[in-house]
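Below, each chain spelled out in residue letters.
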Amino acid sequence: MSVAKKDYKRITTKSLIEMKANGQKISMLTAYDYTMAKIVDTAGIDVILVGDSASNVMAGHETTLPITLDQMIYHASSVVRAIERALVVVDLPFGSYQSDPKEALRSAIRIMKESGGHAVKLEGGKEIKESIKKILNAGIPVMGHLGLTPQSIYKFGTYTVRAKEEDEAEKLIEDAKLLEKIGCFALVLEKIPAHLAQKVAESISIPVIGIGAGGQVDGQVLVIHDMLGMNNEFSPRFLRRYMNLYEGMTTAISQYVDDVKSGDFPNSGEQY
């Protein structure tokens, strides 16, 4: 017997768990500023991730490590002011939660109070269990993140597919079940084999959002700059480009330059 799909006027953590139970796929994209967030929210996205990927696509850093807590709060605040429907999840940046659960709680509280975000996301499993529990005990929703964890790039030394070997795959499954048990409301799986992601999604009751983790999970997330084709230097297998904004914007800007240089802009109808 099929379950009628519910139309949510406002997405909450409870909504996402219901969506998984009802077989509704969850859509998730990143956003880092007011204008983009307003467009993404209006288009009907379920979850907006204010990702530490802002370090790459907004600030031009090679990794996600340099972005600070203050900068994440700035980006998250801009996004929250734009949205009416989506759930806003904010990444805790590198160094703000890994070693000290009390510091993790302070970081999460700052994000919630100063940005107005709805939840935080942390990378890791058993090794950051106490930090997650501390945050959850304060009533702050937590989304987990396993598989490829970009904040650990210097530990792994590569952005290649994770959990291809049996021991790492078993640990990932154990970590996923642990994150569910301690109270995370959802989980991101990044760049792992599709069959493993499916196994995880089927073994836990909380939603599993994939990026490079195949189609048999509960939802998908992409970086907005990548899926709109604003970044033409990044072409992983899992990325589907829905536009080529790099080419379109370059053409438009070049035309503007030509029109200014030639005196065509502004014309008589474009002045007072």
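Below or above, wherever it landed, is the structure these notes cover. (Residues numbered from 1 in each chain as written. Predicted model: local features only at pLDDT ≥ 70, side-chain atom pairs only at ≥ 80, totals over all residues. Heavy atoms only, no water.)

### Some words on the overall build of the protein chain
Counted only if it meets this: The way it works is that DSSP assigns letters per residue, a run of H or I at least four long becomes a helix, a run of E at least two long becomes a strand, and they are numbered from the N terminus. When we talk radius of gyration, it's over C-alpha atoms, and the globule rule is simply 2.2 Å times the number of residues to the 0.38. Throughout, exposure labels follow a simple rule: accessible area from a 1.4 Å probe, protein chains only, divided by the maximum for the residue type, with under 20% read as buried, over 50% as exposed, and the rest as partly exposed. Throughout, the Shrake-Rupley method with a 1.4 Å probe supplies accessible areas, and for residues the shown protein chains are the sole cover considered.
Within the protein chain, the secondary structure is distributed over 11 helices and 8 strands. For 272 residues, the compact-globule estimate of 2.2 N^0.38 gives 19 Å, and the protein chain sits close to it at 20 Å. Taking the principal axes of its C-alpha atoms as reference, the protein chain extends roughly 65 × 45 × 35 Å. Burial analysis of the protein chain (272 residues in total) assigns 48% to the buried set. When the accessible surface of the protein chain is totalled, it reaches about 14200 Å², and 53% of it is carbon and sulfur.

### Section: the environment of Arg 85
Applied cut-off: Any two residues having at least one pair of non-hydrogen atoms within 4.5 Å are treated as being in contact. N or O atoms within 3.5 Å of each other form a polar contact, as long as, within protein, one can give a hydrogen and the other can take it, and as long as residues adjacent in sequence are counted only when both atoms are side-chain atoms.
In this fold, Arg 85 is placed in the loop between helix H4 (69-80) and strand E3 (87-91). According to the relative accessible area criterion, Arg 85 is buried, its value standing at 18%. A sequence separation of 75 residues divides Arg 85 from Arg 10, and the C-alpha atoms of the two residues are 4.4 Å apart. For Arg 85, the contacting residues outside a window of four places in its chain are Tyr 8, Lys 9, Arg 10, Ile 11, Asp 41, Gly 44, Ile 45 and Asp 46. Reaching out from Arg 85, the side chain makes a polar contact with the backbone oxygen of Ile 45 at a distance of 3.0 Å. At 3.2 Å, the side chain of Arg 85 forms a polar contact with the side chain of Asp 46.

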